[in-house]
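Working through the structure, step by step
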Amino acid sequence: MDSTHFDCARCGKCCTDLRLPLTFPEAVRWLERGGQVDLLCEALPWPVEPDADNAYAAYKRKRTFAATSGELPIRVGVTLAATFTGPCPNLGEAIRCGIYEERPLVCRVYPAEINPFFALKPEFKLCPEEAWQAPTPFAIDGVLIDAVTRDSIDASRRADEASVEMKRALCERLGLDRASVVNEGFVIVTSARERLLGALIDVQQDVQAHDTAPQTWTLVSNRRATVDTLIEVGALGAMDVDATREGYQYIGL
Ligand code: SF4
Ligand code: SF4
């Protein structure tokens, strides 16, 4: 039996220098409190529908929307990410969360994983050594002990699935058409707070109103071989985001 023990050491490391994935309503509240939310856009080439028994493809399919890059079918995933350098704007004295009762689901889940295809690996987490030496059992054979954390993970996954159409509409509304190639990096889009807040509220209220003709996406990678392959198959590939596009940046992994 493989057991992981954990108890939060309240070190605050998971509240510093982050891009924190948020649900739609959480992103609205984060912006209303004066925080910054960026959009992380990535795309998976999707030339054919994978087999029905491909569990990973099924998971990604539920969290992405169909689009095209030139002649290549793709699926686009968008993450709403609270972005801050240094301590989270909600982190108060004595390393206490100032919005504890309203904190985002991802804050309730950490250091557990939301993605079912990622195993919990303490060495990849920010928590100090002593947190993993606590007597409290956290997971046994990869199954989380704490029901509250499990519920938060389920709620996060459901919110992710439920927001796909709103994210598609949000991209249309904001005119986004650049995405990274999945697992190679991220295209990060920073919009003015009021503009993004208005767009989030609009598409939440009426997603159909933003059902316009889909635009074709340019896929960005910092790897020459990837871009050359994309162009060979008729996709739109680029080595970087267009420097004239204000608010866009590419971060390679
Ligand atoms: S919202 Fe609270 S728990 Fe989440 S990162 Fe900020 S201070 Fe930490
Ligand atoms: S990094 Fe880990 S130990 Fe430190 S506050 Fe966050 S969850 Fe707790």
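Keep in mind it's a predicted model, so treat the numbers as computed, not measured. Within each chain, residue numbers correspond to sequence positions counted from 1 in written order. As a convention, the first chain written is A and the first ligand written is 1, with the rest following in written order. Residue-level local features of this predicted model are given only where pLDDT is at least 70; pairs of side-chain atoms are given and counted only at 80 or more, and the full residue set underlies all totals for whole chains, interfaces and linings. Side-chain descriptors were evaluated using all non-hydrogen atoms of the structure, hydrogens and water having been removed beforehand.

Next up on the list: the site of ligand 1. Near ligand 1 the following residues occur: Cys15, Leu20, Cys88, Asn90, Leu91, Cys97, Ile99, Pro104 and Cys107. Of the residues contributing to the shell around ligand 1, the split by class is 8 nonpolar, 1 polar and no charged. For this description, a residue counts as near a given molecule or strand if any of its non-hydrogen atoms is within 4 Å of it. Each residue is assigned to one class: nonpolar for Ala, Val, Leu, Ile, Met, Phe, Trp, Tyr, Cys and Pro, charged for Asp, Glu, Lys and Arg, and polar for all the others, Gly among them.

Helix numbers and strand numbers start at the N terminus; a helix is a DSSP run of H or I with at least 4 residues, a strand a run of E with at least 2. For Ser3, the position within the fold is in strand β1 (residues 3-5). For the pair Ser3 and Gly142, spaced 139 residues apart in sequence, the C-alpha separation works out to 7.7 Å. Two residues form a contact once any of their heavy atoms are found within 4.5 Å. The residues touching Ser3, leaving out its near neighbours within four places in the chain, are Ala139 and Ile140.

Its location among the elements puts Ser163 in the loop between α4 (147-162) and α5 (164-174). Three exposure classes are used, based on accessible area relative to the maximum for each residue type with a 1.4 Å probe and protein chains only: buried under 20%, partly exposed in between, and exposed over 50%. With relative accessibility at 4%, the residue Ser163 sits in the buried group. Distance from Ser163 to Phe24, taken between C-alpha atoms, is 7.0 Å for residues 139 residues apart in sequence.

A separate point is the sheet that holds strand β6 (residues 137-140). With respect to topology, 3 strands assemble into an open sheet ordered β1-β6-β7, the strand pairing being antiparallel. Of all the strands in the sheet, just β1 and β7 (143-144) have a single pairing partner and so form its edges. Here, any two strands with at least 2 DSSP bridges between them count as paired. Pairing analysis gives 3 bridges linking β1 to β6, with the strands arranged antiparallel. Bridged to His5 within β6 is Pro137.

Moving on, we get to the pairing of strand β3 (residues 37-45). Every other side chain in a regular strand lies on the same face of the sheet, so the side chains alternate between the two faces. Burial analysis of β3 places 8 of its 9 residues in the buried class, the great majority of the element. Strand direction decides the pairing type here: β3 and strand β5 (residues 72-87), joined by 9 bridges, are antiparallel. When the sheet's bridge partners are listed, Leu39 is paired in β5 with Leu80. With 4 bridges connecting them, β3 and strand β9 (residues 185-190) associate as antiparallel partners. Paired with Leu40 across the bridge in β9 is Ile188.

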